[in-house]
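Structural characterization, general
Here is how the chains run, residue by residue.
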2 protein chains.
Amino acid sequence: MASVKLFGAPTSTEVARVLACLFEKEIDFQLIRIDTFKGIQRQPDFLKLQPTGQALTFEHGDKTLVDSREIIRYVAKKFPNKKNLAGRGMLEMASIEQWLQTDERSFDPPSSFLVFHLAFAPALGLMPAEEKEISKKEEDLKRVLDIYEQQLRETDYLAGDEFSLADLSHLPNAHYLMGTRCASLFNSRKKVKKWWDKISGRDAWKKVLAMQQDPSTAANLPPAAATAAGGD
Amino acid sequence: MASVKLFGAPTSTEVARVLACLFEKEIDFQLIRIDTFKGIQRQPDFLKLQPTGQALTFEHGDKTLVDSREIIRYVAKKFPNKKNLAGRGMLEMASIEQWLQTDERSFDPPSSFLVFHLAFAPALGLMPAEEKEISKKEEDLKRVLDIYEQQLRETDYLAGDEFSLADLSHLPNAHYLMGTRCASLFNSRKKVKKWWDKISGRDAWKKVLAMQQDPSTAANLPPAAATAAGGD
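This section reports on the structure supplied with the text. (Residues numbered from 1 in each chain as written. Chains lettered and ligands numbered in written order. Predicted model: local features only at pLDDT ≥ 70, side-chain atom pairs only at ≥ 80, totals over all residues. Heavy atoms only, no water.)

1. Considering the overall build of chain A
Which entries qualify depends on this criterion: Every helix listed is a DSSP run of H or I at least four residues long, and every strand listed is a run of E at least two residues long, numbered separately from the N terminus. Burial classes: relative accessible area under 20% of the type maximum marks a residue as buried, over 50% as exposed, and values in between as partly exposed (1.4 Å probe, protein chains only). Any two residues whose heavy atoms approach within 4.5 Å at even a single point are treated as in contact. All accessible-area figures derive from a Shrake-Rupley calculation using a 1.4 Å probe, and residue coverage is judged against the displayed protein chains alone.
Of the regular secondary structure elements, chain A holds 11 helices and five strands. In chain A, which comprises 232 residues, the proportion classed as buried is 53%. The long-range fraction of contacts in chain A, counting pairs at least 24 apart against all pairs at least 6 apart in sequence, stands at 75%. Element-wise, carbon and sulfur atoms account for 51% of the exposed surface of chain A, whose accessible area totals about 10,400 Å².

Structure, rendered in structure tokens:
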């Protein structure tokens with residue numbers, strides 16, 4: 001079996017999404033981290049991202065991928081003998097894919113923006129966006145969470161009664177959001193809160209958090225947040 | 001200026017020695033870490049060491065070095081404009097070199113052995129060496145510390161009244177020893193204790209400790225200790 005290599009910083013939401021998947025599936029891999037120290041200051045991760053846009057690289061044999069959701073789909077398909085995260089029948093697989101796309105298109109854009117402006121901009125002494133703009137993104141997020149609340153009245157997880165890639169994919173952004181005033185948007189929705197408690201308490205995700213909490217990287221920004229800020 | 005690259009795990013005493021030197025001199029560098037995860041277990045650092053013996057690699061332009069003391073000598077010489085750690089006149093330089101060699105030949109061998117058998121073997125469920133053998137190494141260490149105590153009555157640091165490479169080189173092993181019963185060997189020697197408090201309280205060293213305390217690497221062995229165990 002060709003070896004799996006992951007290049008990137010665990011504080012990045014993109015990298016964290018892939019790490020959560022690799023830990024869930026108990027796949028052997030190597031994590032290669034490059035930290036740049038300028039004088040005695042560590043350079044924040046988001047600065048690394050800007051020159052090349054390559055915060056994340058995944059290699060498996062001669063396959064190279066750089067998009068986190070593409071990587072987790074690939075991992076789920078290539079390692080079918082490990083814990084199933086991508087569904088069994090056609091219908092289940094289609095449902096997981098649909099919720100993965102909901103994350104990417106509807107949950108991720110307001111989330112990444114809010115993580116950057118509410119959590120990281122103040123910590124870095126950067127000017128956050130105007131309150132009006134922040135509120136607008138919160139409204140976007142509320143609309144998505146209302147849809148989730150409705151779905152989670154029917155099923156334990158987004159795409160059915162089993163944890164899947166669809167749930168996993170939300171972990172990195174939701175985790176950072178829970179450290180901001182947006183936590184109330186999750187906590188005030190009963191089923192969403194229950195779902196969050198369940199998915200964030202998984203062993204694989206706790207391993208990712210331990211890696212993010214390395215005190216030497218604690219001051220780093222998640223690159224995804226910087227992308228969101230730059231792209232908006 | 002060619003860039004400085006360091007490959008290795010901060011929990012390694014060899015890597016920690018070089019990190020302390022780079023932070024003291026406030027040199028720009030990149031740290032490249034490779035962590036191997038087997039299933040969901042991280043592979044202890046000492047296992048990585050065994051296949052190749054290459055726990056540490058230092059690159060500066062086309063210069064490549066793998067011995068930690070050779071690297072810190074090189075860094076001190078190549079970056080003379082930054083904080084001086086290698087002495088000014090011939091006499092001072094010779095004295096620093098002498099104490100660096102005392103570390104390497106007399107302090108390091110019993111220290112590495114004791115770190116492995118008192119700190120890491122029990123934590124890993126490995127059989128430590130017999131008490132007789134441990135006591136013998138403690139006697140070796142006491143003899144060195146008696147010489148240090150005598151020297152430190154004359155000067156604030158080993159090679160004079162300024163902190164130098166000679167002091168810095170002791171940090172990684174002494175730090176792990178302070179977590180074992182050998183702490184008393186330091187604490188019972190008044191000048192050695194004062195010296196240890198001073199050198200271990202330096203900002204550069206605190207940065208190294210923060211990197212070692214990454215919770216995801218906390219279970220790892222320092223590779224130097226494994227070398228000591230294997231070589232004895």
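Here the narrative resumes, following the displayed structure.
2. As for the packing of helix 4 (residues 90–124) of chain B against helix 5 (residues 131–154) of chain B
Residues and elements named next belong to chain B. In plain terms, the rule: Here, axes are lines fitted to C-alpha atoms. For helices the fit covers the stretch in contact, and angles between N-to-C directions go from 0 to 180 degrees. Take the far helix as your reference; a near helix turned counterclockwise from it by less than a right angle gives a left-handed crossing, and one turned clockwise gives a right-handed crossing. Gly falls in the polar group here, along with every residue not listed as nonpolar (Ala, Val, Leu, Ile, Met, Phe, Trp, Tyr, Cys, Pro) or charged (Asp, Glu, Lys, Arg).
Following both chains from N to C, one finds helix 4 and helix 5 inclined at 145°, their axes separated by 9 Å at the closest point. Handedness of the crossing formed by helix 4 with helix 5: left-handed. Residues Trp99, Thr102, Asp103, Ser106, Phe107, Pro110, Ser111, Phe113, Leu114, His117 and Leu118 of helix 4 lie in contact with helix 5, whose contacting residues are Glu133, Ile134, Lys137, Glu138, Asp140, Leu141, Val144, Leu145, Ile147, Tyr148 and Gln151. Residue composition of the contact of helix 4 with helix 5, grouped by class: 12 nonpolar, five polar and five charged.

3. Examining helix 9 (residues 190–200) of chain B
All names here are of chain B. Note the cut-off: Directions are taken from the helix axis to each C-beta atom, and the arc is the one they span.
For helix 9, the set of buried residues is Val192, Trp195, Trp196, Ile199 and Ser200. Buried residues along helix 9 cover an arc of 110° about the axis, so they all sit on one side. Counted as exposed and oriented over 90 degrees from the buried face of helix 9: Lys190 and Lys194. Where the residues of helix 9 are buried, they touch helix 5, helix 6 (165–168), helix 7 (171–177), helix 8 (183–187) and helix 10 (203–212).

4. Quick look at the pairing of strand 1 (residues 4–7) of chain A
All names here are of chain A. To keep things clear, this is the line we draw: Pairs of strands are assigned from DSSP output, requiring at least two bridges between the strands. Handedness of a crossover: with both strands directed away from the viewer, a clockwise path from the first strand across the helix to the second marks it as right-handed.
Taking every second residue as pointing to the same face, the buried face of strand 1 carries Val4 and Leu6, while none of Lys5 and Phe7 on the other face is buried. With four bridges joining them, strand 1 and strand 2 (residues 29–38) adopt parallel strand pairing. Considered in strand 2, the bridge of Lys5 is made with Gln30. In terms of handedness, the path from strand 1 via helix 1 (residues 13–24) over to strand 2 forms a crossover that is right-handed. Pairing between strand 1 and strand 4 (residues 57–60): four bridges, direction antiparallel. When the sheet's bridge partners are listed, Lys5 is paired in strand 4 with Glu59.

5. Details of the environment of Lys137 of chain B
Residue and element names in this part refer to chain B. As for its placement among the helices and strands, Lys137 is situated in helix 5. You can call Lys137 buried: its relative accessible area is 13%. Between the C-alpha atoms of Lys137 and Leu114, which are 23 residues apart in sequence, the distance is 7.1 Å.

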